[in-house]
Structure formats: C-alpha cells, structure tokens
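As a plain string of letters, each chain reads:
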Amino acid sequence: MEIAIAGASGFIGQHLTKEFPNAIIITRKHFEENNFDLIKNADIVINLVGSPIAKRWTKKYKKELFNSRIETTKKLVEAINNSNVKHFISTSATGIYQKNTKCDEDCTKLADDFLGKLSKSWETEALKCQKRTSILRLGVILGKNGGALQKMLPAFKMFLGGSISDGNFMMSFLSIKDLMKLYHFVIDEKIAGAINAVSPYPISNKEFTKILAKTLKRPSFFPIPKFILKLIFSEGATILTDSMEVYPKVLLDKSFKFDYPKVEDMLKDILKK
C-alpha cells in the first residue's frame with residue numbers, strides 16, 4: 001500500500017512518517033510548482049498542510065491560515081481526482097463546533113467565528129474529492145516533544161503552572177499514539193466522512209491542570225488571566241480559552257479501542273521516565 005503525506009514536517013506529520021516509514025512525502029515545492037506526479041499511483045493521501053494555529057492572529061496571519069489550508073487542499077484534491085488514489089484523509093479541527101456545546105459528529109451547531117469558518121471552508125474543499133474521503137477533526141493532541149504539552153511543561157517544571165482563568169472550560173484531547181492508531185483504523189476500515197479525533201472523556205482545564213501538576217509532582221498555584229493570552233495571541237487566544245466538549249461517536253460506534261482514553265493515562269505514558 002502506497003501512502004503519501006502532505007505536511008510531514010509538523011508534530012503529527014513527524015509521527016506519521018515514523019508510522020509509515022516508506023511514505024511518499026509531498027513537499028512545499030510540489031505545491032509551488034503544482035506538480036503532483038509522485039502521487040499518481042499512491043493508494044492513500046494524508047493531508048496535514050497548514051500554518052501553525054497557535055500564533056497571534058493578525059489580519060495578515062489569518063489570511064495565511066486560510067490560504068495554507070484551503071488553497072493547498074484545493075490543489076491536492078484536483079491532483080487526487082486525476083490520479084489512481086483510492087482514499088483521501090484530510091484534516092480539520094473540533095473548533096468547527098459551536099462553543100459551550102456538547103457535540104459529536106451529528107451535531108449541527110457549528111461555530112461562526114474565524115476558526116469555525118476556517119474549518120468549514122477547509123472541509124468543503126476536501127469534500128470536493130471524488131475518492132473516498134475522511135476528515136479528522138482534531139482535538140488537542142498530546143505527545144512527547146511537541147504539540148500543546150510542549151508549550152505547557154516549562155511553566156509547570158518551574159513551579160509556575162496553573163489553569164487558564166477559572167479553568168472551567170472544557171477541553172477535548174487525544175494521545176498522539178491513539179491518533180496514529182486511528183489513522184490505521186480509518187484506512188483498514190475504509191471509514192469516510194467526519195471523524196472526531198478525540199478521546200471519549202473531555203475534562204475541564206482546571207481538572208487537566210490538577211492532573212498534570214500531580215503527574216509532574218508540581219504545584220499549580222498560578223492561574224493565567226485571559227487578558228494575558230489576549231495580549232499575546234489577539235483573537236487567536238480563543239483556541240486556548242473556548243470550551244470544547246466533543247465526543248468521538250463515529251469511533252465508539254465502530255468499536256475503536258483507545259489505548260489512552262483518559263488524560264491520566266495519556267500523561268502518565270507521555271511523562272514517564
């Protein structure tokens with residue numbers, strides 16, 4: 001089975017290239033030249049292309065966030081539709097759902113903020129693919145040496161960790177190891193449509209902070225005020241403060257087995273010596 005990966009340099013992409021060591025790598029150069037001859041005989045294409053979301057959202061950067069996802073996906077879909085590729089696995093985010101709302105894949109309450117509109121546009125472009133298409137709506141991915149946890153650990157290790165504001169907002173997570181297992185599952189089971197890439201047990205930021213502090217054997221005395229994040233990230237602070245309570249109905253209905261279903265399980269595995 002030939003697998004091609006676009007966006008292999010990021011946190012998830014690096015793990016995927018280890019998971020599929022013989023994968024074809026689609027690079028920025030291929031997009032710039034609009035030359036995708038290398039995927040003509042691939043069986044599966046995985047799309048992870050997109051500029052980092054956790055940055056200050058200036059007007060210019062919001063345009064980059066849009067173009068780096070929608071325009072690249074448009075080119076990729078056009079190439080796939082003219083190839084022998086059988087399965088396209090694209091990416092989206094749980095930010096597509098309305099905040100402060102319990103949601104699974106059947107949820108029709110979608111967000112109308114920038115992240116919601118970005119996710120919807122990204123998915124719309126991916127669904128123009130004429131081959132089997134899966135869209136993984138990613139929650140917060142936890143793993144070693146990257147992702148959200150890498151940004152959190154330094155403060156906790158220096159005894160300066162804490163929740164964000166009152167910590168009452170919900171967070172939906174998935175272990176990077178379960179995400180790798182999920183890619184295999186989607187491929188093997190030939191699952192199409194939207195799939196929430198989250199564990200079945202979302203928790204509050206306050207509870208997550210307590211568990212992380214306990215796992216690290218550190219205190220969590222210093223809550224981060226929302227206005228500080230607003231100063232740093234501008235509108236982008238919403239990805240850190242919006243309440244996202246998302247459930248993986250599709251995966252549960254298809255009996256996917258999570259190795260790390262709870263945050264305690266994930267953190268113990270990630271932070272073990």
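Residues numbered from 1 in each chain as written. Predicted model: local features only at pLDDT ≥ 70, side-chain atom pairs only at ≥ 80, totals over all residues. Heavy atoms only, no water.

Draft legend 1. How the structure looks around the sheet that holds strand β3 (residues 44–47). With parallel pairing, the 6 strands of this open sheet are ordered in space as β2-β1-β3-β4-β6-β10. Strands with a single pairing partner mark the edges of an open sheet, and in this sheet they are β2 (24–26) and β10 (193–197). Taken over all neighbouring pairs, the strand axes of this sheet differ in orientation by 20 degrees on average, direction set aside. Taken together, the 3 bridges between strand β1 (residues 3–6) and β2 define a ladder with parallel strand orientation. (Pairing = 2+ DSSP bridges. Helix = DSSP H or I, 4+ residues; strand = E, 2+ residues; numbered from the N terminus. Axes fitted to C-alpha atoms, helices over the stretch in contact; angles between N-to-C directions.)

Draft legend 2. Summary view of unusual backbone geometry. Phi at N34 is positive, roughly 50 degrees, even though this residue is not glycine. Within the fold, N34 resides in the loop between α2 (28–33) and β3. Despite not being glycine, N100 has its phi angle at roughly 60 degrees, a positive value. In this structure, N100 sits in the loop between β4 (87–93) and β5 (102–103). A relative accessible area of 65% means that N100 is categorised as exposed. (Buried < 20%, exposed > 50% of the residue type's maximum accessible area, 1.4 Å probe, protein only.)

Draft legend 3. Representation of the pattern of salt bridges within the structure. Using the criterion set out here, one finds 10 salt bridges in the structure. One salt bridge in this structure joins D43 and K86, with 2.8 Å as the shortest N-O distance. A residue pair is termed long-range when its members are at least 10 positions apart, and D43 in the loop between α2 and β3 and K86 in the loop between α3 (59–81) and β4 qualify at 43 residues. According to the relative accessible area criterion, D43 is buried, its value standing at 19%. Of the charged contacts in the structure, one is a salt bridge between E125 and K128, with a shortest N-O distance of 3.3 Å. When salt bridges that share partners are traced, they join D106, K249 and D253 into one network. (Salt bridge = Lys/Arg side-chain N within 4 Å of Asp/Glu carboxyl O.)

Draft legend 4. Main features of the packing of α3 against helix α4 (residues 114–126). At a minimum axis distance of 8 Å, the contact between α3 and α4 shows a crossing angle of 10 degrees. Of the possible angle classes, the one that applies to α3 and α4 is roughly parallel. Contacts between α3 and α4 involve K62, L65, F66, R69, I70, T73, K74 and V77 on the former and, on the latter, F114, L118, S121, W122, E125 and A126. By residue class, the composition of the contact of α3 with α4 is 8 nonpolar, 2 polar and 4 charged. (Parallel < 35°, antiparallel > 145°, perpendicular 65-115°, else oblique. Contact = heavy atoms within 4.5 Å. Nonpolar A, V, L, I, M, F, W, Y, C, P; charged D, E, K, R; others polar.)

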